[in-house]
Amino acid sequence: MTAAELRKANMEEKIKRTIAALDRHNIDAYYAETLEDVSKLAMSFVEPGSSISCGGSETLKECGILEKLRSGEYNFLDRRAEGLSREQSEELERSAFFADVYFTSSNAITENGELYNVDGNANRVAAICYGPKKVIVIAGANKLVRDLDEAALRVKSIAAPCNTQRLNMDTPCQKLGECAGIGRRMTDGCIGAQRICCQYLVTGYQRKRGRIHVILTAETLGY
Ligand code: SF4
């Protein structure tokens, strides 16, 4: 086996453990080998005409899901559509509560079978918790972590700094490449209007089986 094949085999074992742990927590989880498989599997959960919303996610862009949602085949509640006022965009965010399907990634997924997400606005963590009938979570192997400590570290050192750099937010992590509160408590960080880490959600169990579906791939997706 080549080094690349060994790395992939190692990652697939990690994914297998994570899928089994998610399953114990009533969360349906699947492995998709390629990005095309990810997209096919994700869209198989959606009926034509369904109302769909999604969280802001580079992962959804990278695996082509956003493009599919905008194809006109679905009632996509697109809060990022061109020409929307702030009020219209917020109204669409609220309507996600009643959507048939919500697409998102996760900031981290632990090998213990937990989803870990941190939001500024909280529309995404709210939808993961309650509201949309179905939640489809797509995550690359780069989102897998051993436990919640690693998940919190991942957000402070990778996910949040990359997001503040992309959005050009005036926060310490945008300049330093890591959280001002790194190495301290989970909720320690900066203080200010542009802070994007406000609500911290651990999904430890899904009461309603079939509501949350997690698709994992050995590819790298998002950050
Ligand atoms: S708390 Fe502030 S500094 Fe820390 S990661 Fe979040 S936005 Fe960046």
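Structure's up top.
All values derive from a computational prediction rather than experimental measurement.

**Quick notes on helix α7 (residues 148-167)**
Most pronounced at Val 155, the bend in α7 amounts to some 45°. Along α7, the residues classified as buried are Ala 151, Ala 152, Arg 154, Val 155, Lys 156, Ala 159, Ala 160, Pro 161, Asn 163 and Thr 164. Structurally, α7 contributes buried residues whose contacts are with β5 (108-110), β6 (115-119), β8 (144-145) and α8 (172-176). Asn 168, located one to two residues past α7, shows a positive phi value of around 50°.

**Section: the sheet that holds strand β9 (residues 199-203)**
The strands that make up a sheet are held in pairs by hydrogen bonds between backbone atoms, and each pair lies either parallel or antiparallel. Read across the sheet, 4 strands follow the order β8-β5-β6-β9 without closing on themselves; strand pairing throughout is mixed. With one partner strand each, in any of the chains shown, β8 and β9 form the two edges of the open sheet. As paired strands, β6 and β9 are joined by 5 bridges and run antiparallel to one another. In the strand pairing of β9, Val 118 is matched with Tyr 200. Here α7 sits on the sheet and contacts β5, β6, β8 and β9; the angle it forms with β5, its principal contact strand, is near 165°.

**Observations regarding the site of the ligand**
Lining the immediate surroundings of the ligand are 14 residues, of which Cys 173, Cys 179, Gly 189, Cys 190 and Cys 197 lie closest. Those elements giving two or more residues to the shell around the ligand turn out to be α7 and α8. With 3 residues, the top contributor of residues to the shell around the ligand is α7. Looking at side-chain class alone, the shell around the ligand contains 8 nonpolar, 4 polar and 2 charged residues.

**Looking at the pairing of strand β2 (residues 51-54)**
Summarising the sheet, β2 and strand β3 (residues 75-76) pair through 2 bridges and their orientation is parallel. Paired with Ile 52 across the bridge in β3 is Phe 76. Pairing of β2 with strand β4 (residues 101-104), which is carried by 3 bridges, proceeds in the parallel orientation. Residue pairing across strands places Ile 52 opposite Val 101, the latter belonging to β4.

**A closer look at the pairing of β4**
Side chains Val 101 and Phe 103 of β4 all project onto a buried face; the interleaved residues Tyr 102 and Thr 104 project onto the opposite face, where all are buried too. In the sheet, β4 pairs with strand β7 (residues 134-140) via 4 bridges, with the strands oriented parallel. The residue bridging Phe 103 from the neighbouring strand is Ile 136, located in β7.

**Quick notes on unusual backbone geometry**
Non-glycine residue Ala 122 carries a positive phi angle of around 80°. Tracing the chain through its elements places Ala 122 in the loop between β6 and α6 (123-129). On the basis of neighbour count, Ala 122 is assigned to the partly exposed category, with 15 C-beta atoms found within 10 Å. A positive phi angle, close to 50°, is found at Asn 168, a residue other than glycine. Relative to the helices and strands, Asn 168 is located in the loop between α7 and α8.

**Overview of the environment of Lys 16**
Along the chain, Lys 16 falls in helix α1 (residues 3-24). Exposure remark for Lys 16: the 13 C-beta atoms within 10 Å place this residue in the partly exposed category. With 15 residues separating them in the primary sequence, Lys 16 and Tyr 31 have C-alpha atoms 7.9 Å apart.

**A closer look at the environment of Cys 190**
When you line up the elements, Cys 190 lands in the loop between α8 and β9. Using a count of 19 C-beta atoms within 10 Å as the deciding quantity, one classes Cys 190 as partly exposed. As for Cys 190 and Val 46, which are separated by 144 residues in sequence, their C-alpha atoms are 39 Å apart. Sequence-distant contacts of Cys 190, that is, excluding residues within four places in its chain, are made with Thr 171, Pro 172, Ala 180 and Arg 195.

Conventions we followed
- Residues numbered from 1 in each chain as written.
- Predicted model: local features only at pLDDT ≥ 70, side-chain atom pairs only at ≥ 80, totals over all residues.
- Bend = angle between axes of the 7 residues up to and from the residue.
- Helix = DSSP H or I, 4+ residues; strand = E, 2+ residues; numbered from the N terminus.
- Buried ≥ 20, exposed ≤ 12 C-beta atoms within 10 Å, placed from the backbone.
- Contact = placed C-beta atoms within 7 Å.
- Pairing = 2+ DSSP bridges.
- Axes fitted to C-alpha atoms, helices over the stretch in contact; angles between N-to-C directions.
- Near = placed C-beta within 6 Å.
- Nonpolar A, V, L, I, M, F, W, Y, C, P; charged D, E, K, R; others polar.

Function cannot be read off these values alone, since they describe shape.
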